[in-house]
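# Survey of secondary and tertiary structure
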Amino acid sequence: DGGAGSWKFRPAVSDTAVVWVDYRNGDADIFSESIPVSGNTDLTPFSPSVQDLPALSGNTVIWLDDRGHEGSHYQIGMNSLSAPSEVYPLSPGSRMPGTSDQAAPSVFKNRVVWRDDRVPGGYSEIYMYTDGVSGTCPVAGFTQNISSGSPPLTVQFSDTTGPAPVYWFWDF
């Protein structure tokens, strides 16, 4: 242990490694130790930001990160233990300073899920990121040829969703 005397907490384990929060550099960083033991690695040397709540699945490590120093508004970082390549922020378009908070991340293989407060009105949603998938999720969009009139009113809708979905599933 290269951090003798430092605070260590919130460990997570998989079949290949252990990760934890470690204060040996004066702020909270995520460290890893491979199994079998071969020496620990600081996965997040981004002083003085705080990284917290690591989670681990196989070689994929995720954590909450306040690199933007906005108090309790965190984003999610991710790294691979087998071929280090950090992804941060995990969901780049989601940060709305002072309002957005990503919390409670969980990882399984190449999928990461988390609670996200970016939705207006104070509600949280669950979001998912799949590492290694380069596709863009479709964004639903429709236009109508008329928006007012006397009943009965015949309205034609045009689908402007992009990129084109593989299929639609409606549940009203």
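Residues numbered from 1 in each chain as written. Predicted model: local features only at pLDDT ≥ 70, side-chain atom pairs only at ≥ 80, totals over all residues. Heavy atoms only, no water.

### Considerations on the overall build of the chain
- Helix and strand content of the chain: zero helices and twelve strands.
- Across the chain, helices and strands are ordered from the amino to the carboxyl terminus as β-β-β-β-β-β-β-β-β-β-β-β.
- Per-residue burial over the chain gives 33% buried out of 172 residues.
- Look at the contacts in the chain between residues 6 or more apart in sequence, and 26% of them connect residues 24 or more apart.
- Carbon and sulfur atoms form 58% of the exposed surface of the chain, whose accessible area is close to 10400 Å². (Helix = DSSP H or I, 4+ residues; strand = E, 2+ residues; numbered from the N terminus. Buried < 20%, exposed > 50% of the residue type's maximum accessible area, 1.4 Å probe, protein only. Contact = heavy atoms within 4.5 Å. Areas by Shrake-Rupley, 256 points an atom, 1.4 Å probe, with all protein chains shown as cover.)

### What to know about the packing of aromatic side chains
- Applying the stated rule across the entire model yields three aromatic pairs.
- Relative to Phe31, the ring of Trp20 lies with its centre 6.3 Å away and its plane at 20 degrees, an arrangement referred to as stacked. One end of the pair, Trp20, is in strand β2 (residues 17-22); the other, Phe31, is in strand β3 (residues 29-34), and eleven residues separate them in sequence. The burial state of Trp20 is the same as that of Phe31; both residues are buried. (Phe/Tyr/Trp six-rings, centres within 6.5 Å; stacked < 30°, edge-to-face > 60°.)

### Quick look at the layout of surface pockets
- Taken as a whole, the second largest pocket encloses approximately 160 Å³ of empty space.
- Taken together, the residues of the lining of the second largest pocket break down into four nonpolar, eight polar and two charged. (1 Å grid on protein atoms, 1.4 Å probe; cavity = no way out; pocket = protein on both sides within 12 Å on 5 of 7 lines; lining within 4 Å. Points joined across faces, edges and corners; volume = space filled by probe spheres on them. Nonpolar A, V, L, I, M, F, W, Y, C, P; charged D, E, K, R; others polar.)

### Looking at the environment of Ser14
- Relative to the helices and strands, Ser14 is located in the loop between β1 (8-13) and β2.
- For the pair Ser14 and Ser34, spaced 20 residues apart in sequence, the C-alpha separation works out to 9.6 Å.
- A polar contact of 3.2 Å, which involves the side chain of Ser14, links it to the backbone nitrogen of Thr16.
- One polar contact links the side chain of Ser14 to the main-chain carbonyl oxygen of Gly58, over a distance of 2.9 Å. (Polar contact = N/O pair within 3.5 Å; in protein donor to acceptor, adjacent residues only side chain to side chain.)

### Observations concerning unusual backbone geometry
- Cis geometry marks the peptide bond from Ile35 to Pro36; its omega dihedral reads 0 degrees.
- As for its placement among the helices and strands, Pro36 is situated in the loop between β3 and β4 (40-42).
- Residue Pro152 is bonded to the preceding Pro151 through a cis peptide linkage, with omega at -10 degrees.
- In this structure, Pro152 sits in the loop between β11 (142-144) and β12 (157-159).
- Phi at Arg10 is positive, roughly 55 degrees, even though this residue is not glycine.

Honestly, that's just the spatial picture; any functional story needs more than this.
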